[in-house]
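Spelled out, the chains give:
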Amino acid sequence: MESKNRVIAIDGPAASGKSSVSTRVSERTGFLHINSGLMYRALTWSALHSGVDPRDSSAIIDHLNSIDMDCRKSGKSLILTINGTDLGDELKSHEVNLSVSIVSAIKEVRDELVKRQRDYLQISNIVMEGRDIGSVVFPDTPYKFYIDASPEVRAKRRQGEGGQDDLSARDKLDSSRKVSPLVVPKDSFVIDTSDMNLDEVVEKVMAELILRGLDN
Ligand code: DC
């Protein structure tokens, strides 16, 4: 079904600052913020905790079909639950970081989660962050951004957040997979945030949105 709602697509590699930028752009525009990575993380967490091997694609697909992954709107953001449980910080754990790129490379997983991501446009204007939002999920949106930063800066930012994350391994897997790899989407506005603070990045995004005709 066609929707009149609009989507701001924010892609980029791990720890590039997408989430902080998306949160602020959501606050400024009033659009619903959806972090698509959390859906891949939730499936990964659930599979690991049910003893399903992330490398066993058909078991992962069966697992996805057997769980109730619910994303509910709560105020301006979403609450993601698996079988009724809000997973919170578990989604950012080291064990999830280690396996999420393997799970998210499975075509059938992507087909299903992309379908759900597109459905959100029926309920609201959205800011969606991820790896393939401007290239695959919403290729027709005029509001596309690619947020980048040098590997050193990204590693530092992730370190500052605490937690362990092998960014270069995830980058490699996310960029080299066959289905919907991380790419700079065509016609996206690229921002290298290595030497910028969050306010500067947000201002740049908001200015570009106006240039691209977003009036809200
Ligand atoms: O944005 P993030 O680092 O929380 O995403 C976790 C993983 O999920 C990432 O390594 C690749 C996958 N992902 C994806 O394949 N497609 C998306 N749209 C979002 C995330």
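Thresholds applied
- Residues numbered from 1 in each chain as written.
- Predicted model: local features only at pLDDT ≥ 70, side-chain atom pairs only at ≥ 80, totals over all residues.
- Heavy atoms only, no water.
- Pairing = 2+ DSSP bridges.
- Helix = DSSP H or I, 4+ residues; strand = E, 2+ residues; numbered from the N terminus.
- Axes fitted to C-alpha atoms, helices over the stretch in contact; angles between N-to-C directions.
- Salt bridge = Lys/Arg side-chain N within 4 Å of Asp/Glu carboxyl O.
- Buried < 20%, exposed > 50% of the residue type's maximum accessible area, 1.4 Å probe, protein only.
- Arc of directions from axis to C-beta.
- Contact = heavy atoms within 4.5 Å.
- Core = buried A, V, L, I, M, F, W, Y, C linked by side-chain atoms within 4.5 Å.

Draft legend 1. Main features of the sheet that holds strand β8 (residues 189–192). Within the open sheet, the five strands sit side by side as β2-β6-β1-β7-β8. Their pairing is parallel. Looking along the sheet, the strands with just one partner apiece sit at the ends: β2 (32–35) and β8. The mean inter-strand angle of the sheet, taken between neighbouring strand axes irrespective of direction, is 20 degrees. In terms of strand pairing, strand β1 (residues 7–11) meets strand β6 (residues 126–130) through five bridges, oriented parallel. Within β6, the position partnered with V7 by the bridge is I126.

Draft legend 2. The pattern of salt bridges, seen in detail. This model, assessed by the stated rule, comprises 16 salt bridges. Of the charged contacts in the structure, one is a salt bridge between R116 and E112, with a shortest N-O distance of 2.8 Å. In this pair, R116 and E112 are both assigned in helix α5 (residues 107–119), four residues apart and thus about one turn of the helix distant. Residue E112 is classed as partly exposed on the basis of its relative accessible area of 22%. Between D165 and R170 there is a salt bridge, with its nearest N and O atoms 2.6 Å apart. You can call D165 buried: its relative accessible area is 14%.

Draft legend 3. Spatial organisation of helix α8 (residues 167–176). The complete set of buried residues in α8 reads L167, R170, D171 and D174. Buried residues of α8, viewed axially, fall in a sector of 100 degrees; they line one side. Turned more than 90 degrees off the buried face of α8, the exposed positions are S168, K172 and S176. Lining the buried residues of α8 we find α2 (36–49), α4 (94–103) and α7 (151–161).

Draft legend 4. Structural view of the environment of V114. Residue position: V114 is located in helix α5. Setting aside residues up to four positions removed in sequence, V114 forms contacts with Y40, D132 and V137.

Draft legend 5. Structural detail: the nonpolar core. Formed by 35 residues in total, the largest nonpolar core has its most connected members in L43, I60, M69, I126, M128 and F138. If one sorts the elements of this core by residue count, α2 sits on top with six residues. Other than its neighbours up to four places away in sequence, M69 contacts M39, A42, L43, L64, L80, T81, I82, L113 and R116. Core analysis: the second largest hydrophobic core is formed by 16 residues, I8, F145, I191 and V202 among them.

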